[in-house]
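Survey of secondary and tertiary structure
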Amino acid sequence: MNSGCLSPEVVIFTDLDGTLLDQRYDYESAAYMLNALRTRGIYSIPATSKTAAELIHWQDSLTFKPPMIIENGAGVVWPEGALSEEDDVDPDFKTGKNYAQLCNILAQLRIEFGFDFRSFDDMTPCEISQATGLDRHAASLAKQRTASVPLSWAGAPAQLNDLRAQLEHRGLTLVRGGRFWHVMEPINKGQTALRVHRRLCRMWGNTPVILACGDSENDLPLLQVARGAVLFPKPDGQFLSITQQSVVYARSAGALAWLEAVNQLLHTLELNPQIAACGAQAVSVEKGV
Ligand SMILES: [Mg+2]
């Protein structure tokens, strides 16, 4: 893996939807920000509910080819050639139920208990497009899941608790994302981020500080393992509540607001003034000034 010209001092695990990306899904600006930060020793790693199929093309536009945490931590896409044979066996990683098995369990629960939901397995790309604002092609990529099932809940709140209980009885979990609930094995972005961080520390021979960015409940485990966090407003304008000492509240989602908030967090934590200077420069370029 190309780790760039400087050994990373800071690793930022960042959510995408509602955080680095706003409703315009401007991947190009997002890549620009991450590439600029990388030249100053900051290594950004996406941690998202998106699929490998949605991100594999974008990974090519990042100069430093980071691993990508997908499907809420259920998987990691490492760039080609990044792993040695030794790395391929990770004792911390437990292989769980795949997408088809999760869909079968949901189908059985719907028949048995009459739960009222529409999962990604039920939805056409057109429906997903309408629900998310993704174009049709992107929506079809979002359906190519391996280990988690997003669903839109249409029943009563009490029944949602019943669904959660039935899933937990089967060793599964129900996680709240920005738009959907996600059914998956009981693993989360935070656990997977720590696993990725450990592996990177071994590869690089140092221990970068962990920062994290997110907006929704599925980001909480990730935010909680970081030394500092940036919170982004949810669609209703509210922020998650976390107890960390170093928290910055971003004004909105999107690459520019993301960089401004990350910059503020770096200042707050006094993490290398050169890094902050890079951020200001990138903001100026983005604004065309
Ligand atoms: Mg989000």
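Model, not experiment: these values are computed from the prediction.

Pairing is parallel across the open sheet formed by five strands, whose spatial order is β2-β1-β9-β10-β11. On the outer flanks of this sheet lie β2 (42-46) and β11 (247-249), each paired with one strand and no other. Adjacent strand axes in the sheet meet at a mean angle of 20 degrees, parallel and antiparallel pairs treated alike. For strand β1 (residues 10-14) and strand β9 (residues 209-214), the ladder comprises five bridges, and the chain directions are parallel. Bridge pairing in β9 places F13 opposite A212.

With antiparallel pairing, the four strands of this open sheet are ordered in space as β5-β6-β8-β7. The open sheet terminates on both sides in strands that have one partner only, identified here as β5 (117-119) and β7 (173-176). Geometrically, the sheet is characterised by an average inter-axis angle of 30 degrees between neighbouring strands, direction not taken into account. As paired elements, β7 and strand β8 (residues 181-184) share four bridges and run antiparallel to each other. Of the residues in β8, the one forming a bridge with T173 is M184. Across the sheet, helix α4 (residues 99-113) touches β5, β6 (148-153) and β8, and the angle it forms with β6 is around 35 degrees.

What counts and how
- Residues numbered from 1 in each chain as written.
- Predicted model: local features only at pLDDT ≥ 70, side-chain atom pairs only at ≥ 80, totals over all residues.
- Pairing = 2+ DSSP bridges.
- Helix = DSSP H or I, 4+ residues; strand = E, 2+ residues; numbered from the N terminus.
- Axes fitted to C-alpha atoms, helices over the stretch in contact; angles between N-to-C directions.
- Contact = placed C-beta atoms within 7 Å.

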